[in-house]
Amino acid sequence: MIVVLLGPPGSGKGTQGERVAAALGVPKVSTGDVLRDAAKAGSALGLEAKAYMDRGDLVPDPVILGIMKEALSAPAQARGVVLDGVVRTVPQAEGLARVAAEIGKQVDVVLLFEIADEALVARLSSRTTCGACQTPFAGRQPGEAHAECTARPKGTLVRRADDEPDAIRNRLRVYKAQTEPVVAWYRSHGGNVQSIDGVGSFEDVKARALRAVGR
Ligand code: AMP
């Protein structure tokens, strides 16, 4: 099963996507995580991507199409995959449909996490992220050690450059301009788009997301 997660930054799609992936028994791939790892490793791809990411702008489509292809063809993904933040423009949606069709698959469900802008800015500007394993936290301070980190060495909590207020506002603008049309594209191409109300407790939102994938 191929599941595409859509929703503005801070809507909870990444965290809930982990639960959806676990319930389906498939991996989750996040282009944001892949690009941040590449930037940290200092590869050519990573360094090119970092400049876009720090401003909150989108990384060019050809880079993302390469990551998509790799994500879908990896043996671990044979039973399916949850794609987090992988589809952010209409050309990326078209590219994913093409890459999936090449291996006899299709996008089975699009989960659209919905939440108001003010709630998003408040959530993101108070978010910290583990510098090593990328786990996001609410209400924990930059500089705190991440005691539960599974990476070695364990990470420390940092504020992502793109979680600063100006970058957040830019990411929301980019989402509205480039990613909202993706929802319309899926709807007009027979996609199974399931809207998830992202407001509420973690458990409530999780239950909605799992229901939408039949779990
Ligand atoms: P995320 O962790 O999903 O919020 O992604 C962080 C940043 O990575 C975004 O603001 C973009 O700069 C870049 N990025 C991640 N996924 C994509 C994508 N599918 N297309 C373009 N840029 C992306």
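A brief report on the enclosed structure follows. These figures come from a predicted structure and were not determined experimentally. One numbering rule holds for all chains: residues counted from 1, following each sequence as written. In keeping with the model being predicted, local features are shown solely for residues with a pLDDT of at least 70 and side-chain atom pairs are shown and tallied solely at 80 or more, while totals for entire chains, interfaces and linings include all residues. Water and hydrogen atoms were dropped before computing side-chain values, which therefore reflect all heavy atoms in the structure.

Overview of the side chain of glutamine 92
In this description a helix means any DSSP run of H or I spanning at least four residues, a strand means any run of E spanning at least two, and both kinds are numbered starting from the N terminus. Tracing the chain through its elements places glutamine 92 in helix α5 (residues 90-102). A polar side-chain atom of glutamine 92 sits 2.8 Å from a polar atom in the side chain of aspartate 61. Contacts are assigned to residue pairs with any non-hydrogen atoms lying within 4.5 Å of each other. If sequence neighbours within four positions are ignored, glutamine 92 has contacts with Val59, Asp61, Ile64, Met68, Val86 and Val87. Counted as a polar contact is a pair of N or O atoms within 3.5 Å, where, for protein atoms, one must be capable of donating a hydrogen and the other of accepting one, and residues adjacent in sequence contribute only when both atoms are in side chains.

Considering the sheet that holds strand β7 (residues 157-158)
The 3 strands are arranged β6-β5-β7 in an open sheet whose pairing can be described as antiparallel. Two strands in the sheet have a free side with no partner beyond their single neighbour: β6 (136-138) and β7. Two strands pair if DSSP finds at least two bridges between them. Bridge count for strand β5 (residues 127-130) against β6 is 3 bridges, and the pairing is antiparallel. Paired with threonine 128 across the two strands is phenylalanine 137, which belongs to β6.

So, the site of the ligand
Residues in close proximity to the ligand total 16 residues, the closest being Thr31, Asp57, Gly85, Val86 and Gln92. Interatomic distance of 3.0 Å between a side-chain N/O atom of arginine 36 and an oxygen atom of the ligand. Contact distances for the ligand include 2.9 Å between a nitrogen atom and a backbone N or O atom of valine 86. Areas reported as accessible are Shrake-Rupley estimates using a 1.4 Å probe. Residue values count occlusion only from the protein chains shown. For the ligand, the protein covers 96% of the area, taking 480 Å² as the surface of the free molecule. Here the shell around the ligand takes 4 residues from helix α2 (residues 31-41), the largest share from any one element. Whether a residue is near a molecule or strand depends on its heavy atoms: it is near if one of them lies within 4 Å of it.

Regarding the packing of aromatic side chains
Any Phe, Tyr or Trp ring, taking Trp's six-membered ring, that has another such ring centre within 6.5 Å forms a pair; planes under 30 degrees apart are called stacked, those over 60 apart edge-to-face, and the others tilted. Taken as a whole, this structure holds 1 aromatic pair when the rule is applied. Centre to centre, the rings of tryptophan 185 and tyrosine 186 are 5.1 Å apart; their planes meet at 85°, and the pair counts as edge-to-face. Cation placement over rings: the criterion is NZ of Lys or CZ of Arg within 6 Å of the ring centroid and within 35° of the ring normal. The ring of tyrosine 52 carries the charged tip of arginine 55 above its face, separated from the ring centre by 5.4 Å. One Lys or Arg, arginine 140, reaches over the ring of phenylalanine 137 and ends 4.4 Å from the middle of that ring.

Examining the packing of helix α6 (residues 117-125) against helix α7 (residues 165-188)
A fitted line through C-alpha atoms represents every axis, and for helices the fit uses only the stretch in contact; the resulting angles, taken between N-to-C directions, go from 0 to 180 degrees. Contact geometry of α6 with α7 gives a least axis separation of 10 Å together with a crossing angle of 135°. With respect to their mutual orientation, α6 and α7 come out oblique. Helix-helix and strand crossings are classified by hand; for α6 and α7 the assignment is right-handed. Contacts between α6 and α7 pair Asp117, Leu120, Val121, Leu124 and Ser125 from the former with Ile168, Arg171, Leu172 and Lys176 from the latter. Any residue that is not Ala, Val, Leu, Ile, Met, Phe, Trp, Tyr, Cys, Pro, Asp, Glu, Lys or Arg is counted as polar, Gly included; the first ten are nonpolar and the last four charged. Broken down by class, the residue content of the contact of α6 with α7 amounts to 5 nonpolar, 1 polar and 3 charged. Note on terminology: angles under 35 degrees are roughly parallel, angles over 145 are roughly antiparallel, angles of 65 to 115 are roughly perpendicular, and the others are oblique. Crossing chirality is assigned from the near helix's rotation relative to the far helix, an anticlockwise turn below a right angle marking it left-handed and a clockwise turn marking it right-handed.

Details of the sheet that holds strand β8 (residues 193-197)
Taken in spatial order, the 5 strands make up an open sheet running β2-β3-β1-β4-β8, and their pairing is parallel. Unpaired on one side and paired on the other, β2 (28-30) and β8 mark the two borders of the sheet. Neighbouring strand axes in the sheet, compared pairwise and without regard to direction, differ in orientation by 20° on average. Judged from the 5 bridges that link them, strand β1 (residues 2-6) and strand β4 (residues 107-114) form a sheet pairing that is parallel. Bridge pairing in β4 links leucine 6 to leucine 112. Packing of helix α8 (residues 202-212) onto the sheet brings it into contact with β4 and β8, and relative to β8 it is tilted by some 170°.

So, the pairing of β1
Looking along a regular strand, one sees side chains alternate from face to face of the sheet. Extensive coverage of β1 is indicated by the burial of 5 of its 5 residues. Buried, partly exposed and exposed residues are distinguished by accessible area as a fraction of the type maximum, computed with a 1.4 Å probe on protein chains only: under 20%, between the cut-offs, and over 50%, respectively. Across the two faces of β1 the burial is the same, with Ile2, Val4 and Leu6 and Val3 and Leu5 all buried. Relative to strand β3 (residues 81-84), β1 runs parallel, the two sharing 4 bridges. Residue pairing across strands places valine 4 opposite leucine 83, the latter belonging to β3.

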